[in-house]
Amino acid sequence: MTYYKLHLIRHGLTEGNLQGRYVGSGTDLPLCEQGRADLQELAARYEYPHADLVFTSPLLRAKQTADILYPGVRAIALQDLREMNFGVFENRPITELAKDPAFAAWMDPTSDAVPEGAESRAAFARRADGMLMKLFEFMLKTHTQEAACVTHSGVILHMLANHALPQRRPEEWATDPGCGYSLRLDAAMWMRDHLAEAYDVVPRGYLD
């Protein structure tokens, strides 16, 4: 049986993360100095899995993370791996947004409210949910048995909540910057179930 392995990795820290800002795809921040240093420390202390190919979000923080963790490996940037666009809430402090009734309305899971310029939750979910199987489909068709995907927390949570075993709620798949999960499936699992097995954390040994 041939397994295809995909390693999902959250990008490193940005100044927006450190400052507690609500940063989505409408804010293209680079990694900050601490973010780069943290990634280099993780790579020195733990083992990142091999990858013959790296899929990335088109945003700087993801592409720079891929360059640090997988230097010289062929990278493919895909628009649908970008984070959700938060519209008028982009790059604002979370402490400020917590006092905004419009933000509270958007956070209400029963609400259909969409902020000006933002991507709706439903549209983002459809985009993120579909990407995991599309990446595996590309790997099967190109006989790429092991690849990495450097993307954003929201994308990873949606991918895993809908297509990973064991089944968990989105928030239970949360991971630290520079970290993530290793998935594997065979052709039958992809065709029959559209599910993948989460079998390890990235980097290996991080939670030991």
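In this text, all values refer to a predicted model and were calculated from it rather than measured experimentally.

A. Local environment of the packing of helix α2 (residues 33–45) against helix α3 (residues 60–69). One can describe the packing of α2 onto α3 by two numbers: an axis separation of 10 Å at closest approach and a directional angle of 35°. Viewed along their axes, α2 and α3 form a crossing whose handedness is right-handed. Taking contact as the criterion, the partners of Arg-36, Leu-39, Gln-40 and Ala-43 in α2 are, on α3, Gln-64, Thr-65, Ile-68 and Leu-69. Residue classes in the contact of α2 with α3 are distributed as 4 nonpolar, 3 polar and 1 charged.

B. Structural detail: the packing of aromatic side chains. One pass over the structure, following the stated rule, counts 9 aromatic pairs. Relative to Trp-106, the ring of Phe-86 lies with its centre 6.0 Å away and its plane at 70°, an arrangement referred to as edge-to-face. Taken together, the residues Phe-86 in the loop between β4 (75–77) and β5 (92–93) and Trp-106 in helix α5 (residues 101–107) connect sequence positions 20 residues apart. Phe-86 gets classed as buried once you look at its relative accessible area, which sits at 7%. Judged by its relative accessible area of 1%, Trp-106 falls in the buried class. Between Phe-89 and Trp-106, the ring centres sit 5.7 Å apart and the planes meet at 35°, which makes this aromatic pair tilted. With Phe-89 in the loop between β4 and β5 and Trp-106 in helix α5, this residue pair connects regions lying 17 residues apart in the sequence. The exposure class assigned to Phe-89 is buried, which follows from its relative accessible area of 3%. By the ring-pair criterion, three or more aromatic residues cluster together here, those being Tyr-22, Phe-86, Phe-89, Phe-103 and Trp-106. The residue whose ring lies beneath Arg-168 is Trp-173, and the NZ or CZ to ring-centre distance is 4.3 Å.

Calculation rules
- Think of each chain on its own: its residues are numbered from 1, step by step along the sequence as written.
- At least 70 in pLDDT is required for a residue's local features to be given in this predicted model, at least 80 for side-chain atom pairs to be given and counted, and no such filter applies to totals for whole chains, interfaces and linings, which use all residues.
- Excluding hydrogens and water, the side-chain figures rest on all heavy atoms present in the structure.
- Only the stretch in contact is used when a helix axis is fitted, and all axes are lines through C-alpha atoms; the angle between N-to-C directions ranges over 0 to 180 degrees.
- Put simply, DSSP H or I for four residues or longer makes a helix, DSSP E for two residues or longer makes a strand, and each gets a number counted from the N terminus.
- Each crossing gets its hand from how the near helix is turned against the far one by less than a right angle, where anticlockwise is left-handed and clockwise is right-handed.
- Throughout, a contact is declared for two residues whenever any of their heavy atoms are within 4.5 Å.
- Basically, the charged four are Asp, Glu, Lys and Arg, the nonpolar ten are Ala, Val, Leu, Ile, Met, Phe, Trp, Tyr, Cys and Pro, and anything else, Gly included, counts as polar.
- Pairing of aromatic rings covers Phe, Tyr and the six-membered ring of Trp, with a centre-to-centre limit of 6.5 Å; geometry is then stacked below 30 degrees between planes, edge-to-face above 60, and tilted otherwise.
- Relative accessible area decides the class of each residue, using a 1.4 Å probe on protein chains only: under 20% of the type maximum gives buried, over 50% gives exposed, and in between gives partly exposed.
- The criterion is that NZ of a Lys, or CZ of an Arg, lies within 6 Å of the ring centre and within 35 degrees of the ring normal, and then a charge sits over that ring.

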